[in-house]
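Breakdown of the fold
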Amino acid sequence: MTKIVVLGGGKIGEALISGLVNSGTDPQSITVTNRRPERGEELRERYGVRDLTDNRQAAEDADVVFLCVKPYMILDAVAEISPAVEENDVATVLVSMAAGVPLGAMEDAVIAGTPVVRVMPNTPMLVGRGMNAIAVGRFVTPEQLADVTELLSSVGEVLPVAESDMDAVTALAGSSPAYFFLVAEALIDAGVSLGLTRPVAEKLVTTSAAGAGAMLSESGQDPATLRANVSSPAGTTVAALRELEVSGLRAAFFRATEACAKRSAELGELR
Ligand SMILES: NC(=O)c1ccc[n+]([C@@H]2O[C@H](COP(=O)([O-])OP(=O)(O)OC[C@H]3O[C@@H](n4cnc5c(N)ncnc54)[C@H](OP(=O)(O)O)[C@@H]3O)[C@@H](O)[C@H]2O)c1
């Protein structure tokens, strides 16, 4: 049984735990750590995982440690558990889920030779539909990479990327669920403005978003074709699309993703 540690049971830590447990990982093989014991208790009660407040103790004999703390805490966290990892009989692999922090900085913060993987996940892991972009450090063996890939595959898709692309990946995957949620929120408000009740507007929007998402991932057709298929000449949809274009939707996404990638790079420098 692979012994898994989730260091930092916040939003992304919980999404990972939920995805792993729902896909059949034994909850007793997962230990979550938090500074606040009450948060650990909450996760233990919700998912049946073990919980600790001592990161070093949790890292003892762990096969994989997923680091799910804020980016500015990552280097302290890897340095904290590094001595315990060094003493383990198993070759523990550290997997950082943090935006911005480069592999090289983490490799420098741990005892030389410790295997480190950098992942940019997103919260749809919670429902087994995550996107995990992965860049691999110098000391990771093919077996360790296979283990990490298998675990991440149980909570979503895994895509190897060049580490130099990670800031752009953050803009397109790590943060993008929030863009879609914002669009859904705005559409619901727009529906209410058109006179629909909020529950009806929510039902219409969330079902349409889920259906469109399924078509994007399962139809094999690109977004432009799918959109064109909904756009009859001089019809209702093109009237709406014209307004979105005039309002600068496309340019807004260029600017938003640029800001996101820039912020990701900055987080890597705030060490
Ligand atoms: N949220 C996203 O959508 C998303 C997407 C992609 C990547 N990420 C990355 O995931 C990481 C976590 O983000 P998040 O949104 O999940 O943050 P978060 O909700 O604040 O979670 C961080 C968790 O870490 C715990 N923690 C803090 N210091 C700790 C320590 N020394 N030892 C053990 N646990 C500690 C905190 O709980 P206590 O205060 O109780 O310790 C908290 O539950 C970040 O690096 C972020 O870049 C997040």
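Every value quoted in this text rests on a predicted model; they were computed, and no experiment measured them. (Residues numbered from 1 in each chain as written. Predicted model: local features only at pLDDT ≥ 70, side-chain atom pairs only at ≥ 80, totals over all residues. Heavy atoms only, no water.)

**Structural notes on the overall build of the protein**
For the protein, the helix and strand inventory stands at 12 helices and eight strands. C-alpha atoms of the protein, sized along the principal axes, occupy 70 × 40 × 30 Å. Classification of the 271 residues of the protein by burial places 39% in the buried group. Of the contacts formed within the protein by residues at least 6 apart in sequence, a portion of 64% connects residues at least 24 apart. Here the protein displays about 14,800 Å² of accessible surface, and carbon together with sulfur accounts for 58% of that area. (Helix = DSSP H or I, 4+ residues; strand = E, 2+ residues; numbered from the N terminus. Buried < 20%, exposed > 50% of the residue type's maximum accessible area, 1.4 Å probe, protein only. Contact = heavy atoms within 4.5 Å. Areas by Shrake-Rupley, 256 points an atom, 1.4 Å probe, with all protein chains shown as cover.)

**Things to note about the nonpolar core**
If you look at the biggest cluster of nonpolar residues, it comprises 29 residues, and the most contacted ones within it are Val65, Leu67, Ile74, Ile81 and Leu94. Sorting the residues of this core by element identifies strand 1 (4–7), helix 3 (55–59), strand 4 (64–67), helix 4 (71–87), helix 5 (103–109), strand 6 (116–120), strand 7 (130–136) and helix 7 (166–174) as the ones contributing at least two each. Counting residues in each nonpolar core, the second largest holds 28 residues, with Ile17, Tyr47, Val117 and Ile134 among its members. (Core = buried A, V, L, I, M, F, W, Y, C linked by side-chain atoms within 4.5 Å.)

**A short note on the UniProt feature "domain: Pyrroline-5-carboxylate reductase dimerisation" (unreviewed entry) in the protein**
Feature annotation in UniProt assigns "domain: Pyrroline-5-carboxylate reductase dimerisation" (unreviewed entry) to the following positions: residues 163–267. Secondary structure across residues 163–267 divides into 81% helix and 0% strand, with the first and last C-alpha atoms of the span separated by 15 Å. (UniProt positions renumbered as here; feature names shortened; annotations may be inferred.)

**Quick notes on the packing of helix 8 (residues 176–193) against helix 9 (residues 198–218)**
Packing of helix 8 against helix 9 brings their axes to within 9 Å, and their N-to-C directions diverge by 135°. With respect to each other, helix 8 and helix 9 are oriented oblique. Both helix 8 and helix 9 take part in a crossing whose hand is right-handed. The residues of helix 9 that touch helix 8, namely those facing Ala184, Leu187, Ile188, Asp189, Gly191 and Val192, are Arg198, Ala201, Glu202 and Val205. Partitioning the contact of helix 8 with helix 9 into residue classes produces six nonpolar, one polar and three charged. (Axes fitted to C-alpha atoms, helices over the stretch in contact; angles between N-to-C directions. Parallel < 35°, antiparallel > 145°, perpendicular 65-115°, else oblique. Left-handed = near helix turned anticlockwise from the far one by under 90°. Nonpolar A, V, L, I, M, F, W, Y, C, P; charged D, E, K, R; others polar.)

**Considerations on the pattern of salt bridges**
On inspection of all chains with the given rule, the structure shows 12 salt bridges. As a salt-bridge pair, Glu42 and Arg39 come within 2.6 Å of each other at their nearest N and O atoms. Here Glu42 pairs with Arg39, and both are found in helix 2 (residues 37–47), just three residues apart, close to one helical turn. For Glu42, a relative accessible area of 33% puts it in the partly exposed group. Note that Arg44 and Asp51 form a salt bridge whose closest N and O atoms lie 2.5 Å from each other. Linked through salt bridges whose partners overlap, the residues forming this network are Glu14, Arg39, Glu42 and Arg46. (Salt bridge = Lys/Arg side-chain N within 4 Å of Asp/Glu carboxyl O.)

**Remarks on the environment of Leu151**
Structurally, the position occupied by Leu151 is in helix 6 (residues 142–153). Once the C-alpha coordinates of Leu151 and Leu20 are considered, the two residues, 131 residues apart in sequence, prove to be 7.4 Å apart. Not counting the four nearest positions on each side in its chain, Leu151 is found in contact with Thr2, Ile4, Leu20, Val64 and Phe66.

**Looking at the pairing of strand 1**
Burial along strand 1 is two-sided: Ile4 and Val6 and Val5 and Leu7, pointing in opposite directions, are all buried. The pairing of strand 1 with strand 2 (residues 30–33) spans four bridges and is classified as parallel. Residue pairing across strands places Leu7 opposite Thr33, the latter belonging to strand 2. Between the parallel pair strand 1 and strand 2, the chain is carried across by helix 1 (residues 11–22), and the sense of this crossover is right-handed. Pairing between strand 1 and strand 4: four bridges, direction parallel. Residue pairing across strands places Val5 opposite Val65, the latter belonging to strand 4. (Pairing = 2+ DSSP bridges. Right-handed = clockwise from strand over helix to strand, strands pointing away.)

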